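Reading the structure
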There are 2 protein chains.
Amino acid sequence: MKEFFEPKTVAIIGASRDRTKLGNIILRNLAKSYKGKIIPVNPNADTIEGLKAAKSVKSVKEHIDLAVVVVPAKIANQTVRECVEKGIKSVIIISAGYKEVGEEGLARERELQKIIQGTKTRVIGPNCIGVFVPSTGVDTLFAAHHKLKRPSPGNIAIISQSGAFGTAILDVMEELELGVSKFVSYGNRVDVGEDELIEYLSKDDETKIISAYIEGPKDGRKLYNAIRKTTPNKPVVVLKAGKSEAGAKAAASHTGSLAGEYPVFSGAIRQAGAIEARTVREFVVYTKALSMQPPAKTKKVAIVTNGGGFGVLSADAALFHGLELGEISPTTVERIKAKLPEWATVHNPMDLLGDAGVGRFEEALEAVAQDDNIGGIIVFLWTISSTLSPEITRIITRVAEEYKKPIVAGAMGGLYTKTLMRALDLEGVPSFETPEEAVSAMRALVSYGTARERIERENTK
Amino acid sequence: MKEFFEPKTVAIIGASRDRTKLGNIILRNLAKSYKGKIIPVNPNADTIEGLKAAKSVKSVKEHIDLAVVVVPAKIANQTVRECVEKGIKSVIIISAGYKEVGEEGLARERELQKIIQGTKTRVIGPNCIGVFVPSTGVDTLFAAHHKLKRPSPGNIAIISQSGAFGTAILDVMEELELGVSKFVSYGNRVDVGEDELIEYLSKDDETKIISAYIEGPKDGRKLYNAIRKTTPNKPVVVLKAGKSEAGAKAAASHTGSLAGEYPVFSGAIRQAGAIEARTVREFVVYTKALSMQPPAKTKKVAIVTNGGGFGVLSADAALFHGLELGEISPTTVERIKAKLPEWATVHNPMDLLGDAGVGRFEEALEAVAQDDNIGGIIVFLWTISSTLSPEITRIITRVAEEYKKPIVAGAMGGLYTKTLMRALDLEGVPSFETPEEAVSAMRALVSYGTARERIERENTK
């Protein structure tokens, strides 16, 4: 599988001189970022976009690691056959016109299966968006850079059964400045599916977290095993689409997946250790939290804020998400009380009051970070307060680094607030836009900590 | 109550020459936007920020509509007494140091109640952020403009028991370019509470929707009546904080509210016709949707997309939110089929396929807008698609204007996508960032339509 992500030579079969065609767009997008050798393949061109073209893959003398197929469906299988004969190990078939278009396409897809069966050639696709790897520059996305900005290299792997969802999430990641290790959209999934991708990414050093959009798994048992094997190393976040009857029906006509009984699927992946996101928002929140912070050892959390209302909302959300508000130890209470007005009391959620400055936050965060009753910290800021300076971001990141206790932050607001929150993000403390989302981020850290511990325990039995 | 929002003369009692003091910040913020007469009141200054100061309110000869009290708590009651004697009808007490600080403060608050009892003076506060009215420039918020940008005039009224939540929401509204009619944060609520504010705003021509953050109502029965009376005219969105036991305890120490039994509260306000938001995100989504689009007549919706995965996710969310996917009439199916590849089928959710252009969307949206089986339209775009031009925004807004059928839009992505979505927002079609949030926006339109119809029916019995 390595050749999909780190090829030394890439052939674009169906490369075109016409700048409106996919075969040209993909070539240009790839040339923008990929530093290895690119060989356009087109029987009717000598050069394309300044690169020397080959008449066919078989006419290429050197070894080819990865072939990207962009020819019309009716000749696509023939080019794959040539790839097999040439000994190309990795083939991405972008071309559409397979089982998604009915009988004729289904026959074509069965033929494709036969062509690769028993060979060393592995296929991603057909009818897919393909692969994007920021660190090696491999980019088969046929989306213009002005519409889809590419994320920087990072530690998040994304796999998506839906190309539209996958590319949209990439664009969201770029906007949030979250880095990506590997991205794969595998379309009709004639060969490589989510289970193998998860297994591969499980061993990938660049990848710290795997987030997957799945309509229906290729093989439920294999997916279960892949997630279970991965969980001790890194978290797997799953967004299942096709939960309802109507959704499952839509999934069947979309990717031809059998979405299956949702409660069974959900129970199985959770049992295997996956963190299930119920919505796209949760998918992003969980991915962000798990890519930056360590898992929590207990579900006892502390909520620290200078906005009373945020404390109330966060407490509600914590209980809703199955977290517990840890009891603040007497020592911690005393330390924080000393910094508050005489009449104030210290609870969890901890309201440091609207006139809190950076010093009060520093004392409170240090104290709960040192408090063994507390497994994770949610700090939700009222950034608009006149007594709270931007220095608060330095305090939070210092406490996060020093104590290695999971911490998530949040604040609601516009430009000023978002700028402060981005500073936290870039220093490794994930920030979220609402109290409930900050709490659900902590829930992901707790869920992963719990699942990892359970599976390690079960494995050593 | 009118004088709180449209005063001709405002006195700032406790206006200060010191630019770091609230009494100066509030004066400067007010002077930035308010065009009526401002009278700083301070016994030790002749002029403040270029305005002639008065020694006391009683020394002012002309009539004062609104007094803003920013003096220390220990002399605040005395100044309110003078306001009563001067015949000032509206007083906002920003000063803290009342029941939130314990015994001494509680006694002070009881004394305050006695001072205003039986008089014509109405009080907002104490311990509050006060009032913001973009159309008249009244602004008692003590937040710097660079931290809290003020929204433009618009049709959304916000009332909030929490000052931090309220100001943060204002900043969010500004960033989303959602306009505000009136904003009130009423703090300890010694006098004016949510029920009276809702009743007042119900009759306010500027206000199309009232969104309220409530920890515990001042008077549950009155709140019920106010919402019920308002619902036939305009929707009331309520975010209840203090739902859980821990949250309720936090609310008690925050605003001293008795949060009460959440299920009872929730049942009552829903019965009264309120649209309950369960999270801050929903609060914003519901408010945005209801401020722009008419209520839906039925819960049968159509989902239209060019990204299959978004259709699947939206269908799941629709079922989750109690909506129904309306059956597409045969005529509509035929119209849309004519624009799709031969092999494609037309379902609900309606996947117009990844290569859909503006023309295909135009036909589909026109058709479902004319389809009597459909009460509302959710259109979720894969904006990144190379065949979809920005022209799509004009098509959607035209269909929305022409057929008056509720329509919400959405798309996931970064700068390019958000720019397109903002264009929709500004033309009156609300856009949302995830399929689930677009669906929940439609749910708010359905809930309001249903509640309004029920209450009108019950009222005519």
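Notes on the structure in this doc start here. (Residues numbered from 1 in each chain as written. Chains lettered and ligands numbered in written order. Predicted model: local features only at pLDDT ≥ 70, side-chain atom pairs only at ≥ 80, totals over all residues. Heavy atoms only, no water.)

**Observations concerning the packing of aromatic side chains**
Residue and element names in this part refer to chain B.
- Within the structure shown, the criterion is met by 10 aromatic pairs over all chains.
- Ring centres of F310 and F380 lie 4.9 Å apart, and the angle between their planes is 45°; this geometry places the pair in the tilted category. You can see F310 sitting in helix α11 (residues 308-320) and its partner F380 sitting in strand β18 (residues 376-381), a full 70 residues away along the chain.
- The class for F310 is buried, based on a relative accessible area of 1%. (Phe/Tyr/Trp six-rings, centres within 6.5 Å; stacked < 30°, edge-to-face > 60°. Helix = DSSP H or I, 4+ residues; strand = E, 2+ residues; numbered from the N terminus. Buried < 20%, exposed > 50% of the residue type's maximum accessible area, 1.4 Å probe, protein only.)

**Describing the pattern of salt bridges**
- In the structure shown here, the tally under the stated rule is 70 salt bridges over all chains.
- Put simply, D355(A) and R360(A) hold a salt bridge, and the shortest N to O gap is 2.9 Å.
- The class for D355(A) is partly exposed, based on a relative accessible area of 43%.
- Accessibility expressed as a relative area gives 14% for R360(A), which makes it buried.
- As a salt-bridge pair, R457(B) and E453(B) come within 3.3 Å of each other at their nearest N and O atoms. Here E453(B) and R457(B) lie together in helix α16 (residues 435-460), a separation of 4 residues that amounts to about one turn.
- One salt-bridge network, in which partners are shared between bridges, spans E175(A), R281(A), K418(B), E433(B) and E437(B). (Salt bridge = Lys/Arg side-chain N within 4 Å of Asp/Glu carboxyl O.)

**Some words on the relation of the copies chain A and chain B**
- Under the fitted operation, chain A is carried onto chain B by 0.0 Å of movement along the axis and a turn of 180°, and the coordinates agree to an RMSD of 0.0 Å. The superposition of one copy onto the other is thereby described by a two-fold rotation axis. Measuring from the rotation axis to each C-alpha of chain A, the shortest distance belongs to R281(A), at 5.1 Å.
- The share of interface residues of chain A whose copies in chain B are also at the interface is 100%, consistent with both copies meeting through the same surface. (Least-squares fit on C-alpha atoms with pLDDT ≥ 70 in both. Contact = heavy atoms within 4.5 Å.)

**Quick notes on unusual backbone geometry**
Residue and element names in this part refer to chain A.
- Cis geometry is adopted by the peptide bond preceding P126, which originates at G125 and carries an omega value of -5°.
- Tracing the chain through its elements places P126 in the loop between β7 (122-124) and β8 (130-133).
- The peptide bond linking N348 to P349 adopts the cis configuration, its omega dihedral lying at 10°.
- You can see P349 is positioned in the loop between α12 (330-337) and β17 (350-351).
- Positive phi, normally seen in glycine, also occurs at R189, with a value near 55°.
- Its identity as a non-glycine residue notwithstanding, L353 has a phi of 80°, on the positive side.
- A relative accessible area of 14% means that L353 is categorised as buried.

**Things to note about helix α13 (residues 358-370) of chain B**
Residues and elements named next belong to chain B.
- Relative to the 18 Å expected for 13 residues at 1.5 Å per residue, α13 spans 18 Å between its end C-alpha atoms, a close match to the ideal helical length.
- For α13, the full list of buried residues reads V358, R360, F361, A364, L365, E366, A367, V368 and A369.
- Lining the buried residues of α13 we find β15 (300-305), α12 (330-337), β17 (350-351), β18 and α14 (392-403). (Expected span 1.5 Å × (residues − 1).)

**Concerning the nonpolar core**
- Grouped together as the largest cluster of nonpolar side chains are 211 residues, with contacts concentrated most on F165(A) and F165(B).
- Not counting the four nearest positions on each side in its chain, F165(B) is found in contact with F310(A), L313(A), M412(A), S160(B), Y213(B), L239(B), V280(B) and F283(B). (Core = buried A, V, L, I, M, F, W, Y, C linked by side-chain atoms within 4.5 Å.)

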